[in-house]
Amino acid sequence: MSVGKGLFETDIFSSSNIQWNSLSQTNRFSSICSELLSTSYSFTVGADFKLFSFEGVEINSKNTLVETPAGTFLLKFLGARNTREAPILEAADKNFSERLSFLPSIVLNDEGQRITESGDQRYLLYTRVGNRHFSGRPSELAQFAENFCQFYNATNQDMGGFLTHPLLHEGATDQLADFFNRRRKGARSKYVEMLIERRDFVERETSQCLSKLSDTHFENTMPLHIDLHPHNVTVGDDELFFVDLASIQCTSVSRSLGFALFKLIRQSVVGGLALDECHNVVSNTSLRELLDRIELTHCMLKDAAKQEVLRRLFLIVNDLTMNGSSQWERVIPMHLIGLKEIDLIYE
């Protein structure tokens, strides 16, 4: 199956490398980390203690790599104002860490707690999983499918502590019209300009998406990962892991899987695998039986993937309308192109 011009090109998630930069021991941030580890995670302290900061495209990444004689860990900074993530991460660890080996687990601090408070800040320490991002190889795509099936079998609707994954709201059409009317004049970035130039396309996709909000496959929700893009799937020692557990929310299988397959198959195609080959890889895994069992079709997965891409695009539109700019403007082209790529992936 051929793909159109301008589709399936490299984007911010295309690199599978994870780059860590060494932190100087005299760095103030390094001093804060060292003090935290020595007072709350005393088993990590040793002569060969080293810290590394993450260098990547994720705007909201707050992970620090910690190399100690006791092992290698990830130190995650939740911040003083971040009251949303901590309960989700605790719920994810309690419900899944012993059931699913491909998820990172939280390391308990010296007091036996998952979340560490220091002053007005909150932190947690993770086991490190994977040393590179998902690259799109057939073996990785197949392993993802098997992992997803295990995740589905381990979750259930009665698990508490997770937020509800919102659908695109019914007022999206009016919000879009208001945005375009406000942005007719004035300075704007090239990304916003692209969005305005594609007004008809976005309005059409939005209308089609809203017409399917009542489809039954959106209604059966359970805790699942909502953001399995290539940089939230890592690989190490021939194993594949799901990371960013704050993205586990109560959502439908169609949205979790539809978006994930779009992002990961896209990565495989960018890496040189044909779409037909991607479909063959996935169809030869346990995922095919799962889809048949829960009666989830490719059309449903396509609608759900578009639902999620548009929901994210509208978060940017809301920022632009309310604040005049958004830190996520640069991913507007990725979302617009993604809506077209989804059609080809689920054709």
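Scoring rules and cut-offs
- Residues numbered from 1 in each chain as written.
- Predicted model: local features only at pLDDT ≥ 70, side-chain atom pairs only at ≥ 80, totals over all residues.
- Heavy atoms only, no water.
- Helix = DSSP H or I, 4+ residues; strand = E, 2+ residues; numbered from the N terminus.
- Rg over C-alpha atoms; globule rule 2.2 N^0.38 Å.
- Buried < 20%, exposed > 50% of the residue type's maximum accessible area, 1.4 Å probe, protein only.
- Contact = heavy atoms within 4.5 Å.
- Core = buried A, V, L, I, M, F, W, Y, C linked by side-chain atoms within 4.5 Å.
- Salt bridge = Lys/Arg side-chain N within 4 Å of Asp/Glu carboxyl O.
- Phe/Tyr/Trp six-rings, centres within 6.5 Å; stacked < 30°, edge-to-face > 60°.
- Lys NZ or Arg CZ within 6 Å of the ring centre and 35° of its normal.
- Arc of directions from axis to C-beta.
- Pairing = 2+ DSSP bridges.
- Axes fitted to C-alpha atoms, helices over the stretch in contact; angles between N-to-C directions.

When helices and strands are counted, the protein shows 11 helices and 12 strands. The C-alpha atoms of the protein give 21 Å as radius of gyration, which agrees with the globular expectation for 347 residues (20 Å, within 12%). Dimensions of the protein along its principal axes, counting C-alpha atoms only, are 60 × 50 × 40 Å. Counting the 347 residues in the protein, one finds 52% classified as buried. Restricting the contact set of the protein to residue pairs at least 6 apart, pairs at least 24 apart contribute 76%.

Core analysis: the largest hydrophobic core is formed by 95 residues, its most contacted members being F144 and L287. With near-sequence residues (within four places) excluded, L287 lies in contact with A145, F148, C149, L257, L261 and V282.

It is worth spelling out the pattern of salt bridges at this point. A complete count under the given rule lists 17 salt bridges for this structure. Its salt-bridge partner being R198, residue E197 comes within 3.6 Å of it at the nearest N-O pair. For E197, a relative accessible area of 58% translates into the label exposed. Of the charged contacts in the structure, one is a salt bridge between K306 and D343, with a shortest N-O distance of 2.9 Å. With a gap of 37 residues between them, K306 in helix α10 (residues 298-323) and D343 in helix α11 (residues 332-345) connect regions that are remote in the sequence. A relative accessible area of 9% places K306 in the buried class. What emerges from the salt-bridge pattern is a single network uniting D227, R255, E308, R311 and R312.

Before going further, it helps to examine the packing of aromatic side chains. Enumeration according to the criterion identifies 11 aromatic pairs in this entry. Consider the rings of Y41 and F43, whose centres lie 6.4 Å apart with planes at 80°: the pair is edge-to-face. Of the residues examined, F43 reaches a relative accessible area of 36% and is grouped as partly exposed. With a centroid separation of 5.6 Å and an interplanar angle of 40°, the aromatic rings of F144 and F242 are classed as tilted. In this pair, F144 sits in helix α3 (residues 138-154) while F242 sits in strand β11 (residues 239-242), placing the two residues 98 residues apart along the sequence. Among the residues examined, F144 registers a relative accessible area of 0% and is labelled buried. With a relative accessible area of 0%, F242 lands in the buried category. Cluster of aromatic residues (ring-pair linked, three or more members): F96, F102, F144, F148, F151, F162 and F242. Cation over ring: R312 sits above F259, and NZ or CZ is 4.2 Å from the ring centre. Seen from the ring of F201, K340 lies directly overhead, with NZ or CZ sitting 5.3 Å from the centre.

The next point concerns helix α8 (residues 275-283). Working note: α-helix, 3.6 residues per turn, so residues spaced by three or four point in the same direction. Regarding α8, the residues found buried are L275, C278, H279, V281 and V282. With its buried residues spanning 160° around the axis, α8 presents them on a single face.

Turning our eyes to something else, we now look at the sheet that holds β11. Hydrogen bonds between backbone groups are what pair the strands of a sheet, and the pairing can be parallel or antiparallel. Spatially, the three strands line up as an open sheet ordered β8-β10-β11, and their pairing is antiparallel. Each edge of the sheet is formed by a strand with only one pairing partner; in this case those strands are β8 (132-133) and β11. Both β8 and strand β10 (residues 233-236) contribute to a ladder of two bridges, which runs antiparallel. What sits directly across from H133, in β10, is T234. Lying over the sheet, α3 contacts β8, β10 and β11, oriented at roughly 50° with respect to β11.

Moving on, we get to the side chain of T321. With respect to the helices, strands and loops of the structure, T321 is situated in helix α10. Leaving out residues up to four positions away in the same chain, T321 has contacts with D178, F179 and R182.

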